[in-house]
Amino acid sequence: QTSEEILRHLQNIVDFGKHVMKRFFGENYVHHGEIIQLPLDFVRQLCLKVQPERPESRCDKDMDTLSGYAMCLPNLTRLQTYRFVEHRPILCIEIKPKCGFIPFSSHVSQEIKHKVCRYCMHQHLKVANGKWKRPSKYCPLDLFSGNKQRMHFALKSLLQEAQNNLKIFKNGELIYGCKDDQDCVSDWNELARHLKPFFFPSNGLVSGPHCTRTIVKELIHVITMTLLSSTDACRAGDMRTVPISQGRSYCEASAFNKELVRNGKHKLESSGLPRGCLLYKTLQAQMLDTLDIEGLYPLYSRVEQYLEEFPEERSTLQIDGPYNEAFYEKLLDLSTEDDGTVAFALTKVQQYRIAMTAKDCSIMIALSPCLQDECSEQRPVVLTSKSRFTFSVSVLDLDLKPYESIPHQYKLDGKIVNYYLKNVQAKDDPVMSSLFKENEDCTLVLHKV
């Protein structure tokens, strides 16, 4: 790409954060950054310096050392919405929550997609492909349920199998999380050693076998409370469930759900999320995907066909930006009646891209201990049994998913579902199991007649 193209690309990312995602998530949560120019010599030196630190899986991607343009963003592992005493230690938890609802679209061709969430199905394919050693018990629907018991279970599962969905930083340094695709730091005792001064400031309060468990429990409690908190003006107790079609607020593959069924209970409580909290806003943005990829793909093809005939229209349709107020306004058309036009197809494609961005974003929770007399009413505070924290919640990784990635998403969706049906559900179902027997290795013995 030329320098001009790179500048335009970066400008698009900034504009998208400023004009679109801030409107979905709110002023306090989104940090869109700014574009700066850097001397090329500095960029080259930086590139050489960071190369040895990069995980192997990222080394196929190169840093841009030719344009001299860069994006300047705050360090969210340290960022706080309020000014803090500089020497105060800061703990930061990064969570990639993934998609928090089950498709409700009538375009879905496989019934399993109405019962099991995408994340839980994808886990099996990732393990089969060698990306992870074992599947995680985390299910996004538990985290997005607003039910504290389910949220605690989801966060505990993330801590047990962090994969790429949870990292913990202390003063900006990674202390827990996945360092590479195959190397997960999963030693809770080591984590508890780092966390003890935060949660139990005076020595000797907690020791013995319960120490690690108690500290992890405190951490989970704090994460839950901050995720349910709202920095918007929101009346206390104003809980409203995100309207999910057909009331499917749980996933049949969730380990929490399976445990309930084993204990003879079939009803999963969903308390709903407070309207002002970041999880609620994230879920609302995700649910712009009203058609599922199966219903969207024909509309994408309609736009593609139109662009083949009229390539010059690409900029008019704002496929590659600019992401301004006008772009945002078009996203608000939630009509589901397909009138066969390119305009309808394009609106749904753009809404899907926003939903995909929200499904892949990260939430950063920064916590800093504060003394009782320091905690003024202007700062949000979360309490634990022995300490109190001021905190800020931010969202990042909000650059718009590429228009060109839609065919890949369509193929991947088919792969995930087919793998799950053949290799997971088939094993649970004796009738299906016999149908798929031909996939298994067998020995043919020939006898002389």
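Residues numbered from 1 in each chain as written. Predicted model: local features only at pLDDT ≥ 70, side-chain atom pairs only at ≥ 80, totals over all residues. Heavy atoms only, no water.

- The protein chain has the name Inositol-pentakisphosphate 2-kinase in an unreviewed UniProt entry, where Steatornis caripensis is given as its organism.
- Database annotation for the protein chain, UniProt heading Sequence similarities (unreviewed entry): "Belongs to the IPK1 type 2 family." (UniProt positions renumbered as here; feature names shortened; annotations may be inferred.)

## Observations concerning the pairing of strand β9 (residues 362-369)
Move 1: Most of β9 is tucked away: eight of the eight residues are buried.
Move 2: Alignment of strand β3 (residues 91-95) against β9, held across five bridges, turns out to be antiparallel. Its bridge partner lying in β9, Leu91 is registered against Leu367.
Move 3: Relative to strand β11 (residues 388-396), β9 runs antiparallel, the two being bridged by eight bridges. (Buried < 20%, exposed > 50% of the residue type's maximum accessible area, 1.4 Å probe, protein only. Helix = DSSP H or I, 4+ residues; strand = E, 2+ residues; numbered from the N terminus. Pairing = 2+ DSSP bridges.)

## Here we look at a positive patch on the surface
Move 1: A grouping of Lys137, Lys156, Arg213 and Lys217 is seen on the molecular surface, where their side chains present a positively charged patch.
Move 2: Its place among the elements puts Lys137 in the loop between α3 (118-128) and α4 (140-143). (Patch = residues over 30% accessible without salt bridge, like charges linked within 9 Å, V, L, I, M, F, W, Y side chains within 5 Å. Areas by Shrake-Rupley, 256 points an atom, 1.4 Å probe, with all protein chains shown as cover. Salt bridge = Lys/Arg side-chain N within 4 Å of Asp/Glu carboxyl O. Lys, Arg positive; Asp, Glu negative; His and termini not counted. Charge placed at Lys NZ, Arg CZ, Asp CG, Glu CD.)

## Regarding the side chain of Thr77
Move 1: By the secondary structure assignment, Thr77 is in the loop between β2 (69-72) and β3.
Move 2: A distance of 2.6 Å separates the side chain of Thr77 from the side chain of Asn75, its partner in a polar contact.
Move 3: Excluding its chain neighbours within four sequence positions, the residues that come into contact with Thr77 are Ile90, Cys92, Phe169, Gly172 and Met364. (Polar contact = N/O pair within 3.5 Å; in protein donor to acceptor, adjacent residues only side chain to side chain. Contact = heavy atoms within 4.5 Å.)

## What to know about the nonpolar core
Move 1: Ranked by internal contacts, the top residues of the largest apolar core, which has 86 residues, are Val20, Phe24, Phe25, Leu159, Ile168, Phe199 and Ile354.
Move 2: For this core, the leading source of residues is helix α7 (residues 210-228), giving nine residues.
Move 3: Residues contacting Phe25, with those up to four places away along its chain left out, are Val30, Leu278, Lys281, Thr282, Ala358, Val395 and Leu398.
Move 4: Counting 17 residues, the second-largest nonpolar core is a separate cluster that includes Tyr352, Met356, Tyr403 and Ile406. (Core = buried A, V, L, I, M, F, W, Y, C linked by side-chain atoms within 4.5 Å.)

## Some thoughts on the confidence of the model for the protein chain
Move 1: Per-chain confidence: the protein chain averages 84 in pLDDT, with 82% of residues scoring 70 or above.
Move 2: Between residues 181-186, whose pLDDT stays under 50, and residues either more than four places distant or in other chains, the model counts 16 contacts.
Move 3: With pLDDT under 50 throughout, residues 435-440 is counted as low confidence; its partners more than four residues away or in other chains account for four contacts. (pLDDT = per-residue confidence, 0-100.)

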